[in-house]
Amino acid sequence: MVNVKILDGGFSAQLSTHVGAKIDGDPLWTARFLATNPDAVYATHLDFLRAGADIIETNTYQASVSGLTKYLSITEDESIKLLHEAVNLAKRAINDYTNEIAGNNDVENKEPLIAGSCGPYGASLHNGSEYNGAYGKTVPCKVMMEWHKSRIDAFIDAGIELLALETIPCYQEAEALVELLKQYPNVKAWLSFSCKRNSQNIVDGSRFQEVATHCYKMALPGQIIAIGVNCIAPRDVTPLLKNINKGGENEFIPLIAYPNNGEIYSIEGWVKDENCTSFESFIPEWLDLGIRYIGGCCRIYADNIKSIRKEVNSYKKKKEAMD
């Protein structure tokens, strides 16, 4: 039977159902709420767990030791403690959820996991470069590695053993992250890229399939649990991933996809794409491609995660009936 793990959705979207404060546009994005409203962060994690997520991510996509220090006017030690708190909030949500479902045999996500969310270096620059990956050509890999390392160290100190290396826009940063991971042989991670719309490329112009498979193979055996894409329109997932496991001659590579809902982000906010097909309709073809981790990114709420799990279960039943 196909083993598929359900991820959570867009943290900002679901968090917005708990807070009245502005979220978008802040240099720390949702991470500011670790300091200002941790109860809302906890409640957001719990929403996704109750929706059926097998893996929830820490609220740290745009959090870094240097960023928290700068934009919260706190010390480096206090920033590290706040990253620890991000992990602890997720742990508390899981603990309370598992107590809540005790004895309920109908629940499928009985042992949820936590992934430490590691957004790209470019998100800390606040110049839009995370959308084009241009900094990969000018920022030394050593600098990017050190920036990521301080956050990863904080996660590991707090008990994290799985990392979400996500929305990576340039091949230089992807390679730097895989190299950095080798310093933590007991830690596993997935690696997902930011890709251009209607394209075979990540946003820096590199060929997605070449970069993704290269990074998977350069990692320690088994350390990268999946490669794939996030925060793109659902319709763009298949063209990017369809050839990675084609033919079956090479090693099967587990894939991951957690797209947004297909809307387009602009200065005015999210704009609906009239040509966008529903997220759930793509799930069967994604699972056929080898996607084993599936969830949502921007504008994907807890209710959407429920729908994703339902569609995955329907796919499994059909496959079982055919076998």
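First, a word on what this report is: a plain description of the structure on this page. (Residues numbered from 1 in each chain as written. Predicted model: local features only at pLDDT ≥ 70, side-chain atom pairs only at ≥ 80, totals over all residues. Heavy atoms only, no water.)

**Regarding the overall build of the chain**
Argument step 1. Along the backbone of the chain there are 11 helices and 10 strands.
Argument step 2. On C-alpha atoms alone, the chain measures out to a radius of gyration of 19 Å, which is about the 20 Å that the 2.2 N^0.38 rule sets for 323 residues.
Argument step 3. Expressed as lengths along the three principal axes of its C-alpha atoms, the size of the chain is roughly 60 × 50 × 45 Å.
Argument step 4. Residues classed as buried in the chain amount to 56% of the 323 residues present.
Argument step 5. Side chains of the chain give 32 positive and 41 negative charges; the mean places of these two sets differ by 3 Å. (Helix = DSSP H or I, 4+ residues; strand = E, 2+ residues; numbered from the N terminus. Rg over C-alpha atoms; globule rule 2.2 N^0.38 Å. Buried < 20%, exposed > 50% of the residue type's maximum accessible area, 1.4 Å probe, protein only. Lys, Arg positive; Asp, Glu negative; His and termini not counted. Charge placed at Lys NZ, Arg CZ, Asp CG, Glu CD.)

**Notes on the pattern of salt bridges**
Opposite charge on two side chains permits them to pair, given that their charged atoms come into close proximity.
Argument step 1. For the structure shown, the criterion picks out 9 salt bridges.
Argument step 2. The partner of arginine 309 in a salt bridge is glutamate 108, with the nearest N and O atoms 3.5 Å apart. Here the residue arginine 309 occupies a position in helix 11 (residues 302-322), and glutamate 108 occupies one in the loop between helix 5 (76-100) and strand 3 (113-118), the gap between them amounting to 201 residues.
Argument step 3. Relative accessible area serves as the criterion here: at 45%, glutamate 108 is assigned to the partly exposed category.
Argument step 4. For aspartate 288, the salt bridge is made with lysine 319, and the minimal N-O distance between the two is 3.6 Å. Residue aspartate 288 is found in helix 10 (residues 283-289), and its partner lysine 319 is found in helix 11; the two are separated by 31 residues along the sequence.
Argument step 5. Residue aspartate 288 is classed as exposed on the basis of its relative accessible area of 51%.
Argument step 6. The structure contains a network of salt bridges with shared partners spanning Asp54, Glu108 and Arg309. (Salt bridge = Lys/Arg side-chain N within 4 Å of Asp/Glu carboxyl O.)

**A look at the environment of isoleucine 160**
Argument step 1. Inspection of the secondary structure assignment puts isoleucine 160 in the loop between helix 6 (141-157) and strand 4 (162-168).
Argument step 2. Distance in space between the C-alpha atoms of isoleucine 160 and leucine 191 is 16 Å, their sequence separation being 31 residues.
Argument step 3. Ignoring sequence-local partners within four residues, the contact set of isoleucine 160 consists of Val87, Ile114, Gly116 and Phe155. (Contact = heavy atoms within 4.5 Å.)

**Some thoughts on the sheet that holds strand 10 (residues 291-294)**
Argument step 1. Strand order in the open sheet formed by 8 strands is 1-10-7-6-5-4-3-2, and the pairing between neighbours is parallel. The sheet terminates laterally at strand 1 (5-6) and strand 2 (55-57), the two strands that pair on one side only.
Argument step 2. Sheet analysis places strand 4 next to strand 5 (residues 188-193), joined by 5 bridges and oriented parallel. For leucine 163, the partnering residue across the bridge sits in strand 5 and is alanine 189.
Argument step 3. In the packing of helix 6 onto the sheet, contacts are made with strand 3 and strand 4, and the angle to strand 3 comes to roughly 165°. (Pairing = 2+ DSSP bridges. Axes fitted to C-alpha atoms, helices over the stretch in contact; angles between N-to-C directions.)

**Some thoughts on unusual backbone geometry**
Argument step 1. A positive phi angle, close to 50°, is found at tryptophan 29, a residue other than glycine.
Argument step 2. Along the chain, the position of tryptophan 29 falls in the loop between helix 1 (11-15) and helix 2 (33-36).
Argument step 3. In this structure, arginine 299 is a non-glycine residue whose phi angle is positive, near 70°.
Argument step 4. Looking at where arginine 299 falls in the secondary structure, it is placed in the loop between strand 10 and helix 11.

**Some words on the nonpolar core**
Argument step 1. Counting 89 residues, the largest nonpolar core has Leu163, Leu191, Phe193, Phe208, Ile227 and Ile294 as its most contacted members.
Argument step 2. Of all the elements, helix 5 adds the most residues to this core, at 9 residues.
Argument step 3. Filtering out sequence-adjacent residues up to four positions away, leucine 191 remains in contact with Leu165, Ile168, Ala174, Val178, Cys215, Ala226, Ile227, Gly228 and Ile256.
Argument step 4. In terms of nonpolar packing, the next biggest core, distinct from the first, is built from 13 residues, Ala164, Trp190, Ile225 and Tyr293 among them. (Core = buried A, V, L, I, M, F, W, Y, C linked by side-chain atoms within 4.5 Å.)

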